[in-house]
Amino acid sequence: MQSAPPPVAIDRAPPGPVPWWRRLRHLWHDHLSLVAPLAAVLLFLAAIISAFWYLRLEELRREQEAVKRDVEYSQQRVRLRLLERQEQMMRLARDIANREVNPQQFRLRAASMVVQHPEVVAISWVDERQRLIGIEVSPSVGATRDWLEGELMKPGEVQAGYELARDLLQPVYSQPNMASGVEPVLQLHVPITPGGKFAGGLFVEYSVDALMRYGVPADMLAKYAIALLDSKGQLLAGHSIPDRHGLAERFPWSGQVNEVETPVAPVGNGLVLRAQAWRTSQDAVGGAWFWLVAVLAAMTTWMLLANWRQSQRRQQAQDALLAETSFRRAMENSMLTGMRALDLEGRIIYVNPAFCRMTGWTEEDLLGEAAPFSYWPEQDREVLQARLVEELGGGADPAGFQMRVQRKNGSRFDARMYVSPLIDAIGKQTGWMASMTDITEPNRVRRQLSASYERFTTVLEALDASVSVAPLGSEELLFANKLYRQWFGGTTVGHLSLVVRAGTPETQASDESLDVVDAFAGLPLDGLATTPVADHAEVYIERLDKWLEVRSRYLNWVDGRLAQMVIATDITARHHAAEQAAAQAERAQTASRLITMGEMASSVAHELNQPLTAISNYCNGMISRLRGGTINPADLLVALDKTARQAQRAGQVIQHIRNFVKRSEPRRQWAEIPPMIEQVVELAEIELRRRQVRLTYFVAPQLPALFVDPILIEQALINLIKNGAESIDVAERPVGNRVVDLRITQRDIDGQPVLHFAVADTGRGLPPEVLDRLYEAFFSTKHEGLGIGLNLCRSIVEAHQGRITAENLYNAGHIVGCRFSFWIPVGPEQDAAPSAHSSRMAA
């Protein structure tokens, strides 16, 4: 037999690592020749830049002092010009106060001032009643003034300055807010004070632009960019130096504008004079010396770097070889994936340490070995031999294949093998390289996940609720349990129908969620519903004849797509029970109103007896007088009118009782409080007059309307008032102390606005043991009571999202009465009916 060729090993015994101190010394010698000249160049550049910087700062400082001196001089010129005009106006005001100037003379003197002083736009004389006496306007501006309304001063900023001058009795400057496109003006109010009493004032308007042109010296206007600003920094007159571009954007010190601002006396901060120096010299960066030095330094640095790079190339080639060998060995030793190389004849020529650790065989045991390999299980050798032949023939699957590997100790594990050609440096294939990964644990996890999925699917299939999952913007059904398929089939029609009817689940933000990245960022949200609802909704499906409670939420599917899960539970029985309970409550409310009217029957009869008796008396009287012929048409009309009023009164009593008692569907509407209280008072006074109880009531003004069922609110109030009257009757209070008080006010309870209804009586109050059971059904302290009145009152109030309370009234430690009070919220909370989350829709 021919002996096998010796095995080929790869990269044996690479050179050891170089000590760190040798590498540090080597780097120091290599870089010393570069660092010294480069440091000298950098120091030279720093010195040049520092010198240019210092000179530029000195130039800016001198320019700043010159600008400050010139702007103070200009401010003094403007100030003196304003003081001269102010003194002239004050002399004119004194002459007017001393009656030395009449309106005609005022117009002549004002016209002279307007002509002589171009900054004066208009001079007006206004008396103490803010009526215009005279006005002189410069021909260069319009004759109409916007602060006048006819001959009177309009309310506004001008009137405010006029009133300030009247209060201070001294000149006042003001600057109105001018509309866009209107020339800004400065206003001076000079009071006229004959004998120390205010008798009007002079109103002078200055043109801010003319004040700057004639007040600031011409050489200053040519030397600087002069501007007048208001207190907010807005430009009134003049111009500003525009922003500089070019190098100013890259070097901040080049773009600075040398400017000085100072307020103009006697106006104060309302008028600010600003001067900006024009740029007259080049920046440091713009100088030729700077660029010459910069170019020389750059050329020197480039030559040093070129020399250093040339010397480094040889060293880099040596270091690269050493690093590549060390890196390859480190990579082989740190890899968790086993690597195996075969030559073209199928012998092992290379294995890495990870392959040896996985199989338990040493490198010496495996190198040079031919098939069958020692790590092949005995029963799998035929299959693996066929795969090896396929591999050597170039037919290996790029996706790899799964196999079992036997360790040296006899244990086995699952592995996946990937095979690729082994190509040398000249592009020639020298063998086959294979990578092996231990997949025992992933296989175990996959089997457990499969079992968990089967259990989870079994649970979902057995649920008594429909569960479906579908991606947004697609008709694909990702999951549907058994009940969903029974109700809606295997399509997304039922899923999408439930989503549309239930709406989008409302997401409530919490403190923790504010710091969490949006889970839907970057995902397509076009398919999301746009109608937010509560966490669940109730819909009716006519095809199934069922009421379903639908809950939905968004989730990321296993493939990363945004999907929506819908859970629909059959609540038909619960919905029918709720409808029956609502019907029972409605019948109980109607029965309560009938019982109330039954208890008030005698009072109603007495109330109707009075108008009917009056009608009978009027009719008998008219018959007698008609038979005797002693009545004229005028007296007959008076008697008939009284008869009609009594009949109308009896009809109103019957109509009120009919509206209160008749059965009707619960109907909420926006109801005003005063008409509701009038209805309650009309019905309650029938019973209270029989019991000789006086009813007082107070309704706060401007109460908002409530979204309520007015009949139910009236029923609750009548029950409480009737109970109060009965308590007073039982307590046998004297006539002067038989009072039931009704008060309706607006309050804030728990941070929300409410309407507060309070019914107080002067009866005997409530014992402590009764307070605990006050609202229990069929509990009553009256001998013939049914115990449903207060229970219905609480149900009515709570159905309107309100609360009802009861308390005793005390005086010196003794109970002097009782007060029942309840409140109804004002606002959007009333819009939510008990079935706000329910919607009956066609399937």
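Residues numbered from 1 in each chain as written. Predicted model: local features only at pLDDT ≥ 70, side-chain atom pairs only at ≥ 80, totals over all residues. Heavy atoms only, no water.

Let's shift gears to the overall build of the protein. Across its full length, the protein holds 20 helices and 31 strands. Burial analysis of the protein (843 residues in total) assigns 39% to the buried set. Here the contacts in the protein between residues at least 6 apart in sequence split such that 61% fall between residues at least 24 apart. Approximately 48,600 Å² of the protein is accessible, and the part contributed by carbon and sulfur atoms is 56%. (Helix = DSSP H or I, 4+ residues; strand = E, 2+ residues; numbered from the N terminus. Buried < 20%, exposed > 50% of the residue type's maximum accessible area, 1.4 Å probe, protein only. Contact = heavy atoms within 4.5 Å. Areas by Shrake-Rupley, 256 points an atom, 1.4 Å probe, with all protein chains shown as cover.)

With that settled, the discussion passes to the pairing of strand 21 (residues 537-541). Judged by how many residues are buried, strand 21 sits mostly within the fold: 5 of 5 residues are covered. What you see with strand 21 is no split at all: A537, V539 and I541 on one side and E538 and Y540 on the other are buried throughout. By the bridge criterion, 5 bridges tie strand 21 to strand 22 (residues 546-556) in an arrangement that is antiparallel. Looking across to strand 22, one finds that A537 is bridged to V550. Linkage of strand 21 to strand 22, two consecutive antiparallel strands, is achieved through a turn of 4 residues, within which D545 is found at a positive phi near 55°. (Pairing = 2+ DSSP bridges.)

All right, on to unusual backbone geometry then. Looking along the chain, the bond that leaves A371 and enters P372 is cis, with omega of 0°. Phi is positive for D750, which is not a glycine, with a value near 55°. Among the structural elements, D750 can be located in the loop between strand 27 (739-749) and strand 28 (752-761). With a phi angle near 60°, Q801 is a residue other than glycine that sits in the positive phi range.

Counted by the stated rule, this structure contains 30 salt bridges. R561 is the salt-bridge partner of E476, the closest N and O atoms lying 3.1 Å from each other. Of the two residues, E476 is situated in the loop between strand 17 (465-471) and strand 18 (479-480) and R561 in the loop between strand 22 and strand 23 (562-570); the sequence distance between them amounts to 85 residues. Residue E476 is classed as partly exposed on the basis of its relative accessible area of 37%. With relative accessibility at 31%, the residue R561 sits in the partly exposed group. A salt bridge links E726 to K722, with the shortest nitrogen-to-oxygen separation between them at 3.2 Å. Of this pair, E726 and K722 are both found in helix 18 (residues 710-731), 4 residues apart, which corresponds to roughly one turn of the helix. Neither residue differs from the other here; E726 and K722 are each classed as buried. By sharing partners, the salt bridges in this structure join R691, K722, E726, D729 and R738 into a single network. (Salt bridge = Lys/Arg side-chain N within 4 Å of Asp/Glu carboxyl O.)

This brings us to the sheet that holds strand 14 (residues 401-406). Paired through their backbone hydrogen bonds, the strands of a sheet run either parallel or antiparallel. Pairing is antiparallel in the open sheet, where 5 strands are placed in the order 13-12-16-15-14. Where the open sheet ends on each side, the last strands, each with one partner, are strand 13 (348-351) and strand 14. Between one strand and the next, the sheet's axes are offset by a mean angle of 35°, whatever the strand orientation. Summarising the sheet, strand 12 (residues 338-343) and strand 16 (residues 429-438) pair through 6 bridges and their orientation is antiparallel. (Axes fitted to C-alpha atoms, helices over the stretch in contact; angles between N-to-C directions.)

Here the focus is the packing of helix 17 (residues 673-690) against helix 18. Where helix 17 contacts helix 18, the axes come no closer than 10 Å and their chain directions differ by 35°. The way helix 17 lies across helix 18 gives a crossing that is right-handed. Along its contact with helix 17, which presents M676, I677, Q679, V680, L683, A684, E687 and L688, the element helix 18 presents P710, I713, E714, L717, I718, I721, K722 and A725. Along the lines of polarity and charge, the residues of the contact of helix 17 with helix 18 split into 12 nonpolar, 1 polar and 3 charged. (Left-handed = near helix turned anticlockwise from the far one by under 90°. Nonpolar A, V, L, I, M, F, W, Y, C, P; charged D, E, K, R; others polar.)

Let's shift gears to helix 13 (residues 493-502). Three or more residues of helix 13 are buried, namely G494, H495, L498, V499, R501 and A502. Immediately downstream of helix 13, the backbone of G503 shows phi near 85°, a positive value.

This next bit is on the sheet that holds strand 2 (residues 132-137). Strand order in the open sheet formed by 5 strands is 2-1-7-6-5, and the pairing between neighbours is antiparallel. In the strand order of this sheet, the two ends are held by strand 2 and strand 5 (172-174), each with one partner. Neighbour-to-neighbour, the strand axes of this sheet turn through a mean angle of 15°, independent of strand direction. As defined by bridge partners, strand 5 adjoins strand 6 (residues 185-191) across 3 bridges and the pair is classed as antiparallel. The residue bridging Y173 from the neighbouring strand is L188, located in strand 6. Taken strand by strand, helix 3 (residues 157-168) contacts strand 1 (120-126), strand 5, strand 6 and strand 7 (201-207), and its axis lies near 35° from that of strand 6. In the packing of helix 4 (residues 208-215) onto the sheet, contacts are made with strand 6 and strand 7, and the angle to strand 7 comes to roughly 70°.

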